[in-house]
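# Topology and contacts: notes
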Amino acid sequence: MSCSESRQSPSLTDEDRVEELKLGRIKHGGWITFPFIAGNMMGLGFVFNGVNSNLIVYLIQQFSVKSIDATQIVNIVNGCTNLAPVAGAIIADSYFGCFTVVFIATTVSMLGMLLLILLATIRSLQPSSCQSGSNTRCESASATQFAVLYAALALLAIGVGGTRFNTATMGANQFHKAKDRNMYFNWFFFTMYIAFIAGSTVIVYVDDNVSWGWGYGICLVANAISLALFLTGRRYYRHVEAEGSPFTRLLCVVLAAVRKRKVTVPSGGEGYYQGDRKLAKSRYRQQTSSFSFFNRAATMVEGDIDETGSIAKPWRLCTVEQVEDLKALIRIFPVWSTSIFLSTPIAIQSNLTVLQALSMDRQLSPHFSVPAGSFTTIVLLASAIALAILDLFLYPSWQKLASHYPTPLQRVGLGHIVNILGMMGFAVVESRRLDVVHSHHLEVVPSSVAPMSAFWLVPPLILVGVGEALHFPGQVAMYYQEFPTALHSTASAMVALLIGIGFYLSAAITDLIRRLTAWLPNDINSGRLDNVYWMLAVLGAFNFGYFLLCAKLYKYQNAPKEETELSCSI
């Protein structure tokens, strides 16, 4: 089978979908599907964030792992769980479709929760208990115990990989208009953050005050409910079938262009292969002059086409659509790359904030202390509130004043700025905390708690949350809009890829800082965590300059007309 034939049928444009709807050929989809799709995502978000928010504390308290080592383990786990959605999206796009992948992944995540329950309740799977403050060296977990833990986390990663952004794509596929999809992405992220908040508070509280077994048991029940809800909505979904591997089609363009590198590119459009002759001319793609080397892949020479008009020599001729799809990915790559370091500071901050909270006064009342793992909830709560305010008030006001909805790049750019301000805020708070530590000579007392309220962390956490409300939905909307139709699931998962790379980079940067400086000892009271945050703010500022350059040069390919007429700069 040739790469052009791997696709079953031409993709429908928005106009085609509207026409199909008018003719009654599309009978499902719309907002009626939102509760079922969002319900699945909320359940899995509640489960994973409930486990992940307290994972550092679990490793330190239950597995006797050193604090900075625990953050490194969590960074790697988060990297895996954010790269897994990319694999899940590719499988959905190429082979099984979103529905099947989401169903299988939700089931697999239940197996992961069962393993975590066994780990928390069976004594032989747990390391020996260690008294806090004891001079006796704590016994670390065995290889078998770590193997069970990592197996459980791997199964959860598969669950996240198959669901998180495939549900985003599946939901977007239910709508015809770009405006509805933009609204859907905003509310998708809103419900996702609400699920994260619930997991970070309910499960963390149960873990700390009841038992780890009960906390994980609640997660298992939530997982089962999310699966049942997702299956209940099956009759309402619009199912978009997988069209064969889109990556094979893109590879075909590269190989065909290389093989025809000596072929002269025609000046007009007549010499290019458009595909099926039955395809209406109104659906023909216009060949662009940018990256003209790849135009050779669609250039017809003698022997390329048989008497039926089909490709006679697979891997030597591609359609104009295939060529333009590859060009679209090349054009968007620089803009996408700017968000890699946007995710890295967030990854570093998310774990270091827990260590800061553990070293500060978390007492909310004489009888209640906020768990350190729950402080990341502030980011989620700020994001959820900001998303609602942006969608209901600020974006409509922007549209009235500027006569257009804010473009994805404008939203992402604002997210860059707010995130830099957040890193600066963390640096200021940490400088103040270290002043308190030194004034009380607490740096000589291992793991001592500074007499400073942990709620000073709230303002910078809010800034990070508002930044996420701007740049994450903006990125998903942009990639879904600009990526080829056959790569819509992969497009939605590009944010997960960014976050995954960010967590891996955060682990590498943290390790580099530990090797080259004394800023990150295991006891942060003896370090200079504030310098780490100032470094992240400075690097973020340089990255923002790179983003402005890429945004200025980028031109939207599939945006509504009013957006294509606007400058892409902030």
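Use the structure listed above.
Residues numbered from 1 in each chain as written. Predicted model: local features only at pLDDT ≥ 70, side-chain atom pairs only at ≥ 80, totals over all residues. Heavy atoms only, no water.

Next up on the list: the overall build of the protein chain. When its secondary structure is counted, the protein chain shows 16 helices and 4 strands. Across the protein chain, every contact between residues at least 6 apart in sequence was considered, and the portion connecting residues at least 24 apart equals 81%. Counting only carbon and sulfur atoms, one obtains 63% of the accessible surface of the protein chain, whose full area is about 24,600 Å². (Helix = DSSP H or I, 4+ residues; strand = E, 2+ residues; numbered from the N terminus. Contact = heavy atoms within 4.5 Å. Areas by Shrake-Rupley, 256 points an atom, 1.4 Å probe, with all protein chains shown as cover.)

Another point: the packing of aromatic side chains. According to the stated counting rule, one finds 31 aromatic pairs in the structure shown. Consider the rings of Phe333 and Trp336, whose centres lie 5.5 Å apart with planes at 35 degrees: the pair is tilted. Of the two residues, Phe333 and Trp336 are both situated in helix H9 (residues 320-337); the distance of 3 residues between them amounts to about one turn of the helix. Every member of this aromatic cluster is reached through a ring pair, and the members are Trp31, Phe34, Phe175, Tyr184, Phe185, Phe188, Phe189, Tyr193, Phe196 and Tyr480. Across from the ring centre of Tyr395, 5.7 Å away, lies the NZ or CZ of Arg411, which sits over that ring. (Phe/Tyr/Trp six-rings, centres within 6.5 Å; stacked < 30°, edge-to-face > 60°. Lys NZ or Arg CZ within 6 Å of the ring centre and 35° of its normal.)

All right, on to empty space enclosed by the protein then. Per the counting criterion, the structure on display carries 4 cavities of 30 Å³ or more. Approximately 600 Å³ is the volume attributed to the largest cavity. Forming the walls of the largest cavity are 31 residues, and the residues nearest its centre are Asn49, Asn52, Ser350, Leu380 and Phe503. Mapped onto the lining of the largest cavity, the elements with two or more residues apiece are helix H2 (34-53), helix H4 (67-121), helix H5 (143-172), helix H6 (178-209), helix H10 (340-358), helix H11 (377-402), helix H13 (458-482) and helix H14 (488-516). Considering each element in turn, the lining of the largest cavity owes the most residues, 7 residues, to H10. Here the residues of the lining of the largest cavity are counted per class, giving 18 nonpolar, 11 polar and 2 charged. Of the voids in this model, the second largest cavity is the one considered here, and its volume is about 70 Å³. Here the lining of the second largest cavity is built from residues that sort into 5 nonpolar, 4 polar and 1 charged. (1 Å grid on protein atoms, 1.4 Å probe; cavity = no way out; pocket = protein on both sides within 12 Å on 5 of 7 lines; lining within 4 Å. Points joined across faces, edges and corners; volume = space filled by probe spheres on them. Nonpolar A, V, L, I, M, F, W, Y, C, P; charged D, E, K, R; others polar.)

To continue, consider the pattern of salt bridges. Applying the stated rule across the entire model yields 8 salt bridges. Of the charged contacts in the structure, one is a salt bridge between Asp69 and Arg514, with a shortest N-O distance of 3.4 Å. Of the two residues, Asp69 sits in helix H4 while Arg514 sits in helix H14, which places them 445 residues apart along the sequence. The exposure class assigned to Asp69 is partly exposed, which follows from its relative accessible area of 29%. With its nearest N and O atoms 2.7 Å apart, the salt bridge here joins Asp530 to Arg528. Residue classification places Asp530 among the buried positions, given a relative accessible area of 3%. Put simply, Glu324, Lys327 and Arg331 are held in one network by salt bridges that share partners. (Salt bridge = Lys/Arg side-chain N within 4 Å of Asp/Glu carboxyl O. Buried < 20%, exposed > 50% of the residue type's maximum accessible area, 1.4 Å probe, protein only.)

The next thing to look at is the environment of Met494. Its place among the elements puts Met494 in helix H14. According to the relative accessible area criterion, Met494 is buried, its value standing at 12%. Between the alpha carbons of Met494 and Asn82 there is a distance of 9.6 Å; along the sequence they are 412 residues apart. Contacts of Met494, omitting those with residues within four sequence positions, involve Trp336, Tyr479 and Phe483.

By themselves, these figures tell us nothing about what the structure is for.
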